[in-house]
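One-letter residues, chain by chain:
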Amino acid sequence: DVNEKERTSAPKPSTHFVDRELPVLKKTNIDPTRRYLYLQVLGGRAFLEHLQEPEPLPGQICSTFTLCLHFRNQRFRSKPVPCACEPDFQDGFLLEIHKDSLGDGSKMVDATTMLSICDPVHMVLIKTDTFGETTLVASYFLEWRSVLAAENGITNVAVELLGVGTESKVSVGVLNIRLEMYPQLNKTLSSEITSTQFTLERQKTAEKERLFLVYAKQWWREYLQIRPTHNARLVKIFAQDENGVNRPVCSYVRPLRAGRLLDTPRQAARFVSVLGHERAAVIGGGSGKQEQWCTLLAFLCRNKGDCEDHANLLCSLLLGFGLEAFVCVGTKAKGVPHTWVMTCGSDGTITFWESLTGHRYIHRPINPDDPPLIEQPKPLYPYRTIGCIFNHQKFFGNCQPSDAVEVCVFDLHDESKWKPMSGEAIKSVCPPGATSSVPPFPPLCASTIDAAVTSNEIELQLRVLVSEHRKDLGLSTVWDDQLSYMLSPALAAYELERTTGVSAGNEEFQDAVRRAVPDGHTFKGFPIHFVHRNARRAFATCLRSPFCEEIICCRGDQVRLAVRVRVFTYPESACAVWIMFACKYRSVL
């Protein structure tokens with residue numbers, strides 16, 4: 001066992017968040033034959049946006065910072081600390097150097113071996129406001145190997161965090177980080193050796209990226225020579241990440257296995273669809289869309305992202321399940337750029353997966369040379385044009401005469417329809433043959449949300465909100481607990497249908513309602529679905545629906561109200577929240 005060292009820092013004024021008890025030495029089980037990196041975050045400074053942050057009163061909820069880390073298949077999360085100019089991070093993380101990786105895990109690695117491990121520690125800083133809304137503040141790749149040349153194996157680093165998106169050149173604050181090897185190294189390296197290694201890696205990476213750029217330009221010139229109109233097609237070879245770094249689109253996707261957290265491709269699609277959808281913020285007017293394809297860690301820790309983030313994650317999960325999956329880049333109605341996912345069945349069936357909803361569509365191309373029918377059936381999917389498709393190994397530009405999805409033929413072996421990129425070129429800039437500039441994928445984490453407790457909390461809050469709303473209208477409220485409980489099977493059936501496409505158990509629900517509503521009485525029910533857990537926000541949305549408002553504000557004889565909430569948890573902090581409001585009353589003719 002290793003005792004985590006107590007940190008010495010001036011205690012900040014206490015809020016309800018920082019529970020300063022007597023210092024307790026935390027115990028961590030350590031394998032003495034393994035090598036660890038002990039990373040401590042010892043406070044932050046110069047978070048100038050929070051210079052005027054008022055001290056939260058005791059018991060008052062305040063905005064918080066949380067630091068999320070990923071290193072070699074291990075994930076860590078700091079305790080939330082109140083946002084401040086000098087946030088009081090005091091956390092230690094024990095990172096195993098040889099976790100689930102190649103190499104002899106049972107052997108104690110020496111400094112020279114560790115110098116060749118170029119995986120950085122990816123750190124993502126998230127701000128959570130008082131309503132539970134998250135913002136991505138910074139995303140940073142920490143080069144930890146400087147500790148290999150530090151005297152007595154300890155080094156202190158001041159990490160300057162830069163903003164994201166349009167603010168990727170602006171400093172947001174500094175974190176004080178202390179790195180220590182455990183057990184101590186018998187022999188440290190000289191700083192010349194480490195700096196030479198870093199320089200060589202940077203040169204190698206830069207050269208691979210330069211060669212890929214030369215190849216991509218040549219490929220694009222050839223693509224334009226096929227047809228000048230190709231210039232207007234959405235063929236995306238590079239995309240900017242949250243730090244404003246241009247990376248090949250193929251590097252945003254790779255096979256991702258969810259362990260025991262997801263059982264089927266359709267369940268994976270449901271999980272991705274309940275992660276929040278939010279466009280990257282644009283400064284200034286106009287309808288321009290700020291491009292920001294997030295690294296997977298940033299997307300998961302924020303619990304929301306744009307359609308590209310959803311499509312990249314869904315494609316990665318489907319590849320993990322052994323399907324042939326691609327991300328499609330094209331447009332929806334009115335020429336709005338969009339990305340979605342496509343799978344190619346071994347029998348040639350093409351299926352589109354909408355990553356924002358979990359819906360699936362079979363694609364059957366229309367032959368433009370066929371005599372037009374009186375009424376051509378409109379495709380069910382919302383996609384209009386397609387410019388290119390890609391995954392972690394392949395990239396194809398659409399070179400069919402029309403880029404309309406409905407006439408597209410997905411014969412990827414026919415180079416007159418799809419212009420491929422060289423697999424070797426893609427491999428040179430994408431894992432596993434890739435360079436240190438492409439961040440490794442983090443594993444998914446199990447949900448930390450207690451579904452039963454959360455369902456109860458939201459339900460009780462909604463009961464209070466309904467009663468208050470009715471009181472304002474001069475109406476009393478009588479709750480029917482049995483009727484509320486009877487709504488559960490309906491909510492379970494709705495979620496099952498969203499996940500599998502199969503509807504089940506509706507007959508029993510209908511029968512129970514008939515038995516619970518006596519002759520001469522009327523029953524009304526209204527189900528609604530959210531991907532957040534804010535009861536007040538959900539209630540405000542429900543009131544905007546005339547059907548739901550009619551139930552909540554129901555007047556009449558022997559009015560009984562019911563509400564049932566069912567939270568379905570998915571990996572990370574994703575969840576589907578189903579709410580059903582119902583009422584029964586005596587019909588007076």
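Predicted model, so just to flag it, every value in this text is computed and none were measured.

Rules behind the numbers
Residues numbered from 1 in each chain as written. Predicted model: local features only at pLDDT ≥ 70, side-chain atom pairs only at ≥ 80, totals over all residues. Heavy atoms only, no water. Helix = DSSP H or I, 4+ residues; strand = E, 2+ residues; numbered from the N terminus. Buried < 20%, exposed > 50% of the residue type's maximum accessible area, 1.4 Å probe, protein only. Areas by Shrake-Rupley, 256 points an atom, 1.4 Å probe, with all protein chains shown as cover. Pairing = 2+ DSSP bridges. pLDDT = per-residue confidence, 0-100. Contact = heavy atoms within 4.5 Å. Axes fitted to C-alpha atoms, helices over the stretch in contact; angles between N-to-C directions. Core = buried A, V, L, I, M, F, W, Y, C linked by side-chain atoms within 4.5 Å. 1 Å grid on protein atoms, 1.4 Å probe; cavity = no way out; pocket = protein on both sides within 12 Å on 5 of 7 lines; lining within 4 Å. Points joined across faces, edges and corners; volume = space filled by probe spheres on them. Nonpolar A, V, L, I, M, F, W, Y, C, P; charged D, E, K, R; others polar. Expected span 1.5 Å × (residues − 1).

Glancing now at the overall build of the protein. Regarding its fold elements, the protein presents 12 helices and 25 strands. In the protein, buried positions account for 46% of the 589 residues. About 29700 Å² of surface is accessible on the protein, with carbon and sulfur atoms providing 53% of the total.

The side chains of a regular strand alternate between both faces of the sheet. Of all 8 residues in strand S4 (residues 64-71), 8 are buried, a share of seventy percent or more. Both faces of S4 are covered, namely the face carrying Thr64, Thr66, Cys68 and His70 and the face carrying Phe65, Leu67, Leu69 and Phe71. When S4 meets strand S6 (residues 81-82), the two strands line up antiparallel, connected through 2 bridges. Residue pairing for S6: Thr64 is matched across the bridge by Pro82. Pairing of S4 with strand S5 (residues 74-77) involves 4 bridges; the strand directions are antiparallel. Within the sheet, the bridge partner assigned to Leu69 lies in S5 and is Phe76. The loop that links S4 with its antiparallel partner S5 comprises 2 residues; one of these, Arg72, has a positive phi angle of about 45°.

The pLDDT averaged across the protein works out to 88; a share of 89% of its residues lies at or above 70. The model gives residues 1-24 a pLDDT under 50, and that stretch makes 47 contacts with residues more than four places away or in other chains.

Time to look at the sheet that holds strand S10 (residues 154-162). A sheet is described by the order of its strands in space; here 4 strands give the open sequence S7-S3-S11-S10, paired in antiparallel fashion. Since the sheet does not close on itself, it has two edges, and those belong to strand S7 (90-96) and S10, each with one partner. Strand-to-strand twist in this sheet, taken as the mean axis angle between neighbours without regard to direction, amounts to 25°.

Phe271, Leu313, Leu317, Phe390 and Phe395 are the most contacted members of the largest nonpolar core, which has 72 residues in total. In terms of residue count, the dominant contributor to this core is helix H5 (residues 307-320) (7 residues). Beyond its immediate sequence surroundings of up to four residues, Leu313 is in contact with Leu256, Phe271, Val272, Leu275, Leu296, Phe299 and Leu300. Among the nonpolar cores identified, the runner-up in size contains 38 residues, and Ala111, Val137, Leu175 and Ile177 belong to it.

Looking now at the sheet that holds strand S22 (residues 418-420). Read across the open sheet, the 7 strands follow the order S19-S18-S17-S16-S20-S21-S22; overall the sheet is antiparallel. A strand with exactly one partner marks an edge of an open sheet, and here the two such strands are strand S19 (360-363) and S22. Ignoring strand direction, the axes of neighbouring strands in this sheet form an average angle of 30°. Here strand S17 (residues 337-344) runs beside strand S18 (residues 350-353); their pairing, made up of 4 bridges, is antiparallel. When the sheet's bridge partners are listed, Val341 is paired in S18 with Trp353. Where helix H2 (residues 191-226) meets the sheet, its contacts fall on strand S20 (385-390), strand S21 (395-398) and S22, and the angle it forms with S22 comes to roughly 160°.

A few words now on empty space enclosed by the protein. Using the criterion set out here, one finds 3 cavities of 30 Å³ or more in the structure. In this structure, the largest cavity spans a volume of roughly 140 Å³. Around the largest cavity sit 19 residues that line it, and Tyr252, Cys294, Thr295, Leu296 and Phe441 are the ones nearest its centre. Put simply, the parts of the chain that give the lining of the largest cavity at least two residues each are helix H4 (296-302) and H5. The element best represented in the lining of the largest cavity is H5, accounting for 4 residues. Looking at side-chain class alone, the lining of the largest cavity contains 10 nonpolar, 6 polar and 3 charged residues.

With 14 residues, H5 extends 20 Å between its outermost C-alpha atoms, agreeing within 8% with the 20 Å of an ideal straight helix rising 1.5 Å per residue. Where burial is concerned, most of H5 is hidden: 13 out of the 14 residues are buried.

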